[in-house]
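Survey of secondary and tertiary structure
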Amino acid sequence: MFRKLREKLKTFTDKASRELEGMEEGLEEKKIPKKMEKEKRKEAKKEKKKKKPSKREPTKKTVKKDVPGEEELFAEGRIGKKLREGRLEDLLWELEMALLESDVALPVVEKIKTNVKKDLLGRKVKRGINIESAVETSLKNAITDVLTQNPVDFDIFVKSHEKPVVLMFVGVNGTGKTTVIAKIVHRLQREKISCVIAAADTFRAGAIEQLQKHSERLGVKLIKHQAGADPAAVAFDAIEHAKARHKDVVLIDTAGRMHSNINLMDEMKKIKRVAPPHMIIFVGDALSGNDTIIQAKRFDETVGIDCAVLTKIDADAKGGAALSIAHAVGKPIAFVGVGQGYDDLITFNPRWMVNRLFGEDT
């Protein structure tokens, strides 16, 4: 997971660390006359004798922290190692190329660069601090910042909202939208929340049959019409069924229309008008990189999305879509798919991704 991007971030961290290690400490020493120097040495010896610990009070050992907090990394005074602006710009250019090669969207690349530069430029790393930890912490903070975008708590939203809660799923073909619906139904069932699925993808051959299989396995009601029927009518009927049977959540599957297909996008507007959803969830394929960002933006412009689910993230070596979508679209990631099983859908947490980008899987 994210192997290529992890390697590129590691390369940047190593190079920046070596640059800082090679810098001279920013302390300008003044020449002291020899007589004054001797006097200072005598005074220092006297002070040493006074502060000498007794046998009952052992000397306290200073333990260096492997990953210090930001307040422990940088020096406020004149002592410390400082990275010069010219060399930092060169390093940031290399970081930009590494991120772009990993399909990270350009606005997100610029945001990360700006944050890293602000954090490192002109600041001095304290003596005795692991330089690599200082650089890595700055990079982690920059990435966490772009991943944190108005976080949504899906579970709280569903439990606290007036019933039935209507969820509409949008996205192009092949992203795993139907499977995501089944996974979310499974998740809600574990919380004793009742569900109804609306098979509003009446265009794709086999879409209704696929949902039928999932509904039978999960023991959930599926509202369906014949192939080619009006998708908005299917969604409307599902909501009416949920109201009549006191069901908690309605999950509406929609046709996997391309974001460039105007007629099909207009059909999605009709579904939203006839069966108003409380939350619109965009489902994107993490392997599609920047295409996923373009799709999410188009769906957001057309019907307005509230959050995103990224599928196939377990097979994503680059990590560009996962790193970009929240900041580029301005909508949070609710879940990520990490496998084919019903349990392989996990709540997205920025720290979870940052840890994996830096090889910390715990």
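Being a predicted model, the structure only gives us computed values, none of them experimental. (Residues numbered from 1 in each chain as written. Predicted model: local features only at pLDDT ≥ 70, side-chain atom pairs only at ≥ 80, totals over all residues. Heavy atoms only, no water.)

**Comments concerning helix α10 (residues 231-245)**
Here α10 spans 21 Å end to end across 15 residues, near enough to the 21 Å set by a 1.5 Å rise per residue. Lining the buried residues of α10 we find β4 (165-170), β5 (195-200), β6 (221-223), β7 (249-254) and α11 (262-274). Once α10 finishes, histidine 246 follows within two positions and takes phi at roughly 55 degrees, a positive value. (Helix = DSSP H or I, 4+ residues; strand = E, 2+ residues; numbered from the N terminus. Expected span 1.5 Å × (residues − 1). Contact = heavy atoms within 4.5 Å.)

**Looking at the side chain of threonine 292**
Summarising the element assignment, threonine 292 is placed in helix α12 (residues 290-302). Ignoring sequence-local partners within four residues, the contact set of threonine 292 consists of Phe282, Gly284, Asp285, Leu310, Ala321 and Ile325.

**Remarks on the sheet that holds strand β8 (residues 279-285)**
Within a sheet, neighbouring strands are paired by backbone hydrogen bonds and run either parallel or antiparallel to one another. Pairing in this open sheet of eight strands is mixed, and the strands run β6-β5-β7-β4-β8-β9-β10-β11 from one edge to the other. Of all strands in the sheet, those with a lone pairing partner are β6 and β11 (345-347), marking the two edges. Adjacent strand axes in the sheet meet at a mean angle of 25 degrees when their direction is disregarded. With three bridges connecting them, strand β9 (residues 307-311) and strand β10 (residues 333-337) associate as parallel partners. By the bridge assignment for β10, leucine 310 is matched with valine 336. (Pairing = 2+ DSSP bridges. Axes fitted to C-alpha atoms, helices over the stretch in contact; angles between N-to-C directions.)

**A short note on the pattern of salt bridges**
Enumeration over the complete set of coordinates arrives at 13 salt bridges. The closest approach of N and O atoms between lysine 111 and aspartate 145, which form a salt bridge, is 3.7 Å. Here the residue lysine 111 occupies a position in helix α5 (residues 106-120), and aspartate 145 occupies one in helix α6 (residues 131-147), the gap between them amounting to 34 residues. The shortest N-O distance in the salt bridge between lysine 140 and glutamate 136 comes to 3.3 Å. Here lysine 140 pairs with glutamate 136, and both are found in helix α6, just four residues apart, close to one helical turn. Considered together, lysine 140 and glutamate 136 belong to a single accessibility category, that of buried residues. (Salt bridge = Lys/Arg side-chain N within 4 Å of Asp/Glu carboxyl O. Buried < 20%, exposed > 50% of the residue type's maximum accessible area, 1.4 Å probe, protein only.)

**Focus on the pairing of β10**
Counting buried residues along β10, five of its five residues qualify, which places the element largely inside the surrounding structure. Direction of pairing for β10 relative to β11: antiparallel, over a ladder of three bridges. Paired with valine 336 across the bridge in β11 is isoleucine 346.

**As for the nonpolar core**
Counting 66 residues, the largest nonpolar core has Ile112, Ile143 and Leu323 as its most contacted members. Look past the residues within four positions of leucine 323 in its chain and what remains in contact with it is Leu5, Leu99, Val104, Val108, Ile112, Ile143, Val146, Leu147, Met353 and Leu357. Counting 30 residues, the second largest nonpolar core, distinct from the first, contains Phe154, Val220, Val283 and Val309. (Core = buried A, V, L, I, M, F, W, Y, C linked by side-chain atoms within 4.5 Å.)

**A word on the environment of proline 231**
You can see proline 231 is positioned in helix α10. Discounting chain neighbours no more than four positions away, the residues touching proline 231 are Ala200, Thr202, Phe203, Glu267 and Ile271.

**Some remarks on the pairing of β7**
The buried fraction of β7 amounts to six of the six residues, a majority that puts the element mostly inside the structure. What you see with β7 is no split at all: Val249, Leu251 and Asp253 on one side and Val250, Ile252 and Thr254 on the other are buried throughout. As paired elements, β4 and β7 share five bridges and run parallel to each other. Counterpart to phenylalanine 169 in the pairing with β7 is aspartate 253.

**Here we look at unusual backbone geometry**
Following lysine 163, the chain continues to proline 164 via a peptide bond in cis, the omega torsion being 0 degrees. Looking at the element boundaries, proline 164 is found in the loop between α7 (154-160) and β4.

**Observations concerning the packing of aromatic side chains**
Within this structure, the stated rule accounts for three aromatic pairs. Each ring, one from phenylalanine 282 and one from phenylalanine 299, has its centre 5.9 Å from the other, and the planes form 45 degrees; the classification is tilted. You can see phenylalanine 282 sitting in strand β8 and its partner phenylalanine 299 sitting in helix α12, a full 17 residues away along the chain. With a relative accessible area of 0%, phenylalanine 299 lands in the buried category. Judged by centre distance (6.5 Å) and plane angle (70 degrees), the rings of phenylalanine 348 and tryptophan 352 are edge-to-face. Among the residues examined, tryptophan 352 registers a relative accessible area of 15% and is labelled buried. The cationic tip of lysine 140 hangs over the ring face of phenylalanine 358; the distance from NZ or CZ to the ring centre is 5.5 Å. (Phe/Tyr/Trp six-rings, centres within 6.5 Å; stacked < 30°, edge-to-face > 60°. Lys NZ or Arg CZ within 6 Å of the ring centre and 35° of its normal.)

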